[in-house]
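Listed below are the residues making up each chain.
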Amino acid sequence: MSDSKIPAKPWSGRFNEPTDAFVEAFTASVDFDRRLYRYDIRGSIAHATMLARAGILTQEERDTIVSGLEAIRGEIEDGEFPWSVSLEDVHMNVESALTRRIGDAGKKLHTGRSRNDQVATDIRLYLRDEIEIIRAEILRLQQALLDIAEREADSVMPGFTHLQTAQPVTFGHHMMAWFEMLERDRGRLADCNGRLNVMPLGAAALAGTTYPIDRHYTAELLGFERPAENSLDAVSDRDFAIEFSAAAALVMMHLSRFSEELILWSSAQFGFVELSDSFCTGSSIMPQKKNPDVPELVRGKTGRVFGHLMALLTLMKGQPLAYNKDNQEDKEPLFDTVDNLKGCLKVFADMIPAITCNRANMRRAAMQGFATATDLADYLVRKGMPFRDAHEVVGKAVAYCVEKRRDLSELPLEELQQFCGDIGEDVFDLLTLEGSVAARDHIGGTAPDQVRQAIARARERLG
Ligand code: ARG
């Protein structure tokens, strides 16, 4: 911050005393809202262009303003802009620099506008871009999941409920579950973008403006679908930021659950997957350690994103219409959510293709815990037994196996027949892991053929 030549505050007219030094720093937002500079300048250029077309500025004034703003943008990008805390925020810093640079025409830029509609516009422009970047990153992760699902369409692992062995599934099927969750996440973000794409400019401070502005034209220049219908609503609500945060929290919740699985699966006890060395770290004391830091950190960062959602909801809940300074507090949680979400998605999309599966370990684990017990019950049902009776019979067989320390598929036919005389040689086809997964052969099921079809449909959906 360089405050050597402190320009007057644009609102200083009715004040007789300078702002208290601490209050100045306390109320300033420029340290964090300066990241909106590109959107602020873009909005100002559109506003000036509209003012000129409406005859409120001359074409020459508009052109001087636009080239001044472009020069300021260059200065900011070169790191040479003298940001000043006493000018409070990005809006007043840019406007004041413009007037210093081009003189009186700069003072006309704020005609028919307020920082209230200006900031609401800036955040919407910013979020609109970030959402598209985030959606592209989700897509990249989804593509990685499709590739790994294809590679592991036949790999059998235990499927869990209550983290207890339930039924065999394929690793490919499991990956496609994550694909589907992310597909909904991407859709939610698109919905959010659809709703936020309306333009606050023209609402001015809260009630609109007395100048003959053309809001449709400004909206068109900025790529907004339309001007916001109500000026009070346009400057005061931040529901679009909350909606984005909620969608972001759901993405993080998914990534966190996924992380939890990767952490479990890469442990010596599970040994289902190995993460690439480049995504793990070691221990300074235990030489054998290879820690899954990346998924752990993603799981950890989920907490702050949830927290930001709660912060934004709480920020809004007590505010009467229209704009209140409280709203300045929307930016840090929002920026932090965007940064962390992008970071987590990037690291996941890079990490997933580098996962290797230990098929033998997954198979061995699937052999423990009687994963095919339901298949035996279904077999008995096909032989004519009511399902509840079959459930009971298989339960007894499992208890017998527990005692004998054997899997159902390892019992000789005669021993199986002591539980039900109808059991025949053909039972062994489905007591195997491969038989069990292949039998779940319908849309949404875990059969390798179905998984391949699901992948093909998903690729088609993604286009
Ligand atoms: N820095 C402010 C914010 O982030 C800009 C709007 C200020 N408007 C006002 N009337 N004080 O919300």
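1. Quick notes on the layout of surface pockets
Each pocket or cavity is described by its volume, and for the largest pocket that value is around 320 Å³. Together, 13 residues line the largest pocket, and F160, H174, W178, R257 and E261 are the ones closest to its centre. Among the secondary structure elements, those contributing two or more residues to the lining of the largest pocket are β1 (156-161), α8 (171-196) and α11 (239-265). Split into classes, the residues belonging to the lining of the largest pocket amount to eight nonpolar, two polar and three charged.

2. Overview of the pairing of strand β2 (residues 164-170)
The two faces of the sheet receive side chains in turn, since in a regular strand these alternate between them. Direction of pairing for β1 relative to β2: antiparallel, over a ladder of six bridges. Looking at β2, one finds that V156 is bridged to T170. Here β1 folds back onto β2, and the loop between the two strands holds two residues, one of which, H162, carries a positive phi near 60°.

3. What about the environment of T356?
Looking at where T356 falls in the secondary structure, it is placed in strand β6 (residues 356-357). If we ignore the near neighbours within four places in the chain, the residues touching T356 are R151, F272, V273 and E274.

4. Looking at the packing of helix α3 (residues 37-53) against helix α5 (residues 90-102)
One can describe the packing of α3 onto α5 by two numbers: an axis separation of 10 Å at closest approach and a directional angle of 55°. Considering the angle they form, α3 stands oblique to α5. Pair α3 / α5 crosses with right-handed handedness. Mapping the contact onto sequence places Y37, D40 and I41 in α3 and V90, H91 and V94 in α5. Per-class residue counts for the contact of α3 with α5 are four nonpolar, one polar and one charged.

5. Regarding helix α7 (residues 115-151)
In this model, α7 (37 residues) spans 54 Å end to end at C-alpha, consistent with the 54 Å of a helix rising 1.5 Å per residue. Taken across its 37 residues, α7 has 26 buried, putting it largely inside the fold.

6. Things to note about empty space enclosed by the protein
Regions of empty space are outlined by a rolling probe, equal in size to a water molecule, passed over the atoms. One pass over the structure, following the stated rule, counts two cavities of 30 Å³ or more. What lines the largest cavity is simply H47, M50, G112, M199, L201, G202, I213, D214, R215 and T218. Among the elements of the structure, α3 and α9 (215-221) are those that each provide at least two residues to the lining of the largest cavity. Split by residue class, the lining of the largest cavity holds four nonpolar, four polar and two charged. Volume-wise, the second largest cavity comes out at about 30 Å³. Residue composition of the lining of the second largest cavity, grouped by class: six nonpolar, one polar and one charged.

7. Comments concerning the site of the ligand
All residues adjacent to the ligand are S29, D33, D89, H91, R115, N116, V119, Y323, Q328 and K331. The separation between an oxygen atom of the ligand and a polar side-chain atom of Y323 is 2.4 Å. One nitrogen or oxygen atom from the side chain of Q328 is found 2.8 Å from a nitrogen atom belonging to the ligand. When the free accessible area of the ligand is taken as 340 Å², the share hidden by the protein chains comes to 85%. Here the shell around the ligand gets three residues from one element, more than from any other, and that element is α7. Across the shell around the ligand, the residue classes break down as two nonpolar, four polar and four charged.

8. Points about the nonpolar core
Among the nonpolar cores identified, the biggest contains 78 residues, and L145, F244 and I352 are the most heavily contacted of them. Contributing elements (two or more residues each) for this core: α3, α7, α8, α11, α12 (293-317), α13 (331-351), α14 (359-367) and α20 (448-462). Here the element with the most residues in this core is α7; it accounts for 14 residues. Beyond its immediate sequence surroundings of up to four residues, L145 is in contact with M175, W178, F179, L182, F258 and I352.

9. Looking at the environment of N324
Assignment of secondary structure puts N324 in the loop between α12 and α13. Remark: the alpha-carbon pair of N324 and N116, spanning 208 residues in sequence, is separated by 9.0 Å. A polar contact is formed between the side chain of N324 and the side chain of Q319, at a distance of 3.0 Å.

Cut-offs applied
Residues numbered from 1 in each chain as written. Predicted model: local features only at pLDDT ≥ 70, side-chain atom pairs only at ≥ 80, totals over all residues. Heavy atoms only, no water. 1 Å grid on protein atoms, 1.4 Å probe; cavity = no way out; pocket = protein on both sides within 12 Å on 5 of 7 lines; lining within 4 Å. Points joined across faces, edges and corners; volume = space filled by probe spheres on them. Helix = DSSP H or I, 4+ residues; strand = E, 2+ residues; numbered from the N terminus. Nonpolar A, V, L, I, M, F, W, Y, C, P; charged D, E, K, R; others polar. Pairing = 2+ DSSP bridges. Contact = heavy atoms within 4.5 Å. Axes fitted to C-alpha atoms, helices over the stretch in contact; angles between N-to-C directions. Parallel < 35°, antiparallel > 145°, perpendicular 65-115°, else oblique. Left-handed = near helix turned anticlockwise from the far one by under 90°. Expected span 1.5 Å × (residues − 1). Buried < 20%, exposed > 50% of the residue type's maximum accessible area, 1.4 Å probe, protein only. Near = heavy atom within 4 Å. Polar contact = N/O pair within 3.5 Å; in protein donor to acceptor, adjacent residues only side chain to side chain. Areas by Shrake-Rupley, 256 points an atom, 1.4 Å probe, with all protein chains shown as cover. Core = buried A, V, L, I, M, F, W, Y, C linked by side-chain atoms within 4.5 Å.

Just geometry here; none of it tells us what the structure is for.
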